[in-house]
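A look at the structure
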Amino acid sequence: MSETILEARSLAHAFDYPLYRDVSLTMKAGDTVAVMGRSGSGKSTLLHSLAGLIEPLEGEVKLFGQSLYRLKEEEKERLRRYRTGIVFQSHYLFKGLTGRENIEIAAMLAGREVDGALLERLEIARVVDQKVSQLSGGQQQRVSLARVLSKEPEIVFADEPTGNLDDETAEAVMAALLAYVQEKNATLFMVTHDPAVARLCRQVYRLESGQLLDVGEL
Ligand SMILES: Nc1ncnc2c1ncn2[C@@H]1O[C@H](COP(=O)(O)OP(=O)(O)OP(=O)(O)O)[C@@H](O)[C@H]1O
Ligand SMILES: [Mg+2]
């Protein structure tokens, strides 16, 4: 039996109106999960809740066996620096620095080195020394993924990591992401609107009518 990495129990979230309720999910090392659903259904909110960024209204998230929202701020900070990786839908790169500098900073903070082979796999090796502001949207997105993977997290939360990419580049990015998961026996929770991308994950869910529905194999 492999180790349980993430356990979410009966999560609910609401803003002015209820977003979702009774969402439960268990992920073990090596698991890959994709969540699909309409724009505004709450996918990013759920991802942020599982990653420790937004406390759910109800329910509990356990990450590495620890109840996430009972941790002290510095313990959460440590998890975020060393053990979890979050690829945001809007990626928050330092625009005035080069892609490589962005990646190096994150790697260095986690005590890691930048993996040149990863940059090749993500097809950004030739552009990564340009300023982020000079990179295309899709290139920036891949720099942000490289920045997360360079920390070598045990669990990756990726919000639309292929959202700005053509099919061929999306395929290369998914190949790199899944190769990372396999090599490190890491865990992947991702959000995507693309069924071709979702079906590369072992489990696929839809967030619909406020519920997380298991859609099985696509
Ligand atoms: N901080 C916030 N305050 C108020 N409402 C919010 C907040 N964050 C999200 N929402 C609302 O919650 C709903 C779900 O947002 P969320 O970003 O989780 O959707 P999503 O499924 O990721 O959509 P998309 O596919 O467009 O990225 C939206 O209607 C959004 O306006
Ligand atoms: Mg979103």
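Just so you know, these numbers come straight off a predicted model, no measurement behind them.

Rules behind the numbers
- Residues numbered from 1 in each chain as written.
- Chains lettered and ligands numbered in written order.
- Predicted model: local features only at pLDDT ≥ 70, side-chain atom pairs only at ≥ 80, totals over all residues.
- Core = buried A, V, L, I, M, F, W, Y, C linked by C-beta atoms within 7 Å.
- Buried ≥ 20, exposed ≤ 12 C-beta atoms within 10 Å, placed from the backbone.
- Helix = DSSP H or I, 4+ residues; strand = E, 2+ residues; numbered from the N terminus.
- Contact = placed C-beta atoms within 7 Å.
- Near = placed C-beta within 6 Å.
- Nonpolar A, V, L, I, M, F, W, Y, C, P; charged D, E, K, R; others polar.
- Pairing = 2+ DSSP bridges.
- Right-handed = clockwise from strand over helix to strand, strands pointing away.
- Axes fitted to C-alpha atoms, helices over the stretch in contact; angles between N-to-C directions.
- Expected span 1.5 Å × (residues − 1).

This paragraph deals with the nonpolar core. Nonpolar side chains in soluble globular proteins generally cluster together in the buried interior. If you look at the biggest cluster of nonpolar residues, it comprises 61 residues, and the most contacted ones within it are Leu-50, Phe-157 and Leu-188. Ranked by the residues each element gives to this core, the list is headed by helix α6 (residues 167-184), at seven residues. Sequence-distant contacts of Leu-50, that is, excluding residues within four places in its chain, are made with Leu-6, Ala-8, Val-61, Phe-157 and Phe-189.

A few words on the site of ligand 1. Taken together, Phe-15, Leu-19, Gly-37, Ser-39, Gly-40, Ser-41, Gly-42, Lys-43, Ser-44, Thr-45 and Gln-89 make up the full set of residues near ligand 1. Examining the composition of the shell around ligand 1, we find that three residues originate from one element, helix α1 (residues 43-51), more than from any other. Among the residues forming the shell around ligand 1, the class breakdown is two nonpolar, eight polar and one charged.

Of all five residues in strand β7 (residues 155-159), five are buried; the element is thus mostly enclosed. Burial along β7 is two-sided: the residues Ile-155, Phe-157 and Asp-159 and Val-156 and Ala-158 are all buried. Inspection of the sheet shows strand β6 (residues 84-87) paired to β7 by four bridges, in the parallel sense. What sits directly across from Gly-85, in β7, is Val-156. Running through α6, the crossover from β7 to the neighbouring parallel element strand β8 (residues 187-191) is right-handed.

Spatially, six strands are ordered β6-β7-β8-β3-β9-β10 in an open sheet, and the strand pairing comes out mixed. Every other strand in the sheet has two partners, leaving β6 and β10 (211-214) as the edge strands with one partner each. Ignoring which end each strand starts from, the neighbouring axes of this sheet average 20° apart. Its contacts with the sheet place helix α5 (residues 137-149) against β6 and β7, and it is angled at close to 175° to β6.

Let us now look at the environment of Gly-65. Here Gly-65 is to be found in the loop between β4 (58-63) and β5 (66-67). On a C-alpha basis, the gap between Gly-65 and Gly-85 in space is 17 Å, while along the polypeptide they are 20 residues apart.

Glancing now at α5. Residue pairs spaced three or four apart in an α-helix point in one direction, given the helix's 3.6 residues per turn. Helix length check: α5, at 13 residues, gives a terminal C-alpha distance of 19 Å against a target of 18 Å (1.5 Å per residue), a fit within 8%. Those residues of α5 not exposed but buried are Gln-139, Gln-140, Gln-141, Arg-142, Val-143, Ser-144, Leu-145, Ala-146, Arg-147, Val-148 and Leu-149. Among the structural elements, β6, α3 (99-109), α4 (116-121), β7 and α6 are those in contact with the buried residues of α5.

Turning our attention to the sheet that holds β5. Pairing within the open sheet is antiparallel, and its four strands lie in the order β2-β1-β4-β5. This sheet does not close on itself; its edge strands, each paired only once, are β2 (18-28) and β5. Inspection of the sheet shows β4 paired to β5 by two bridges, in the antiparallel sense. In the sheet register, Leu-63 faces β5, and the bridge partner there is Gln-66.

Despite not being glycine, Tyr-92 shows a phi value in the positive range, around 55°. Within the secondary structure layout, Tyr-92 lies in the loop between β6 and α3. According to the C-beta neighbour criterion, Tyr-92 is exposed, with 11 such atoms within 10 Å. A positive phi angle is found at Glu-123, which is not glycine, with a value near 60°. Relative to the assigned elements, Glu-123 resides in the loop between α4 and α5.

Nothing here speaks to function; it is all geometry.
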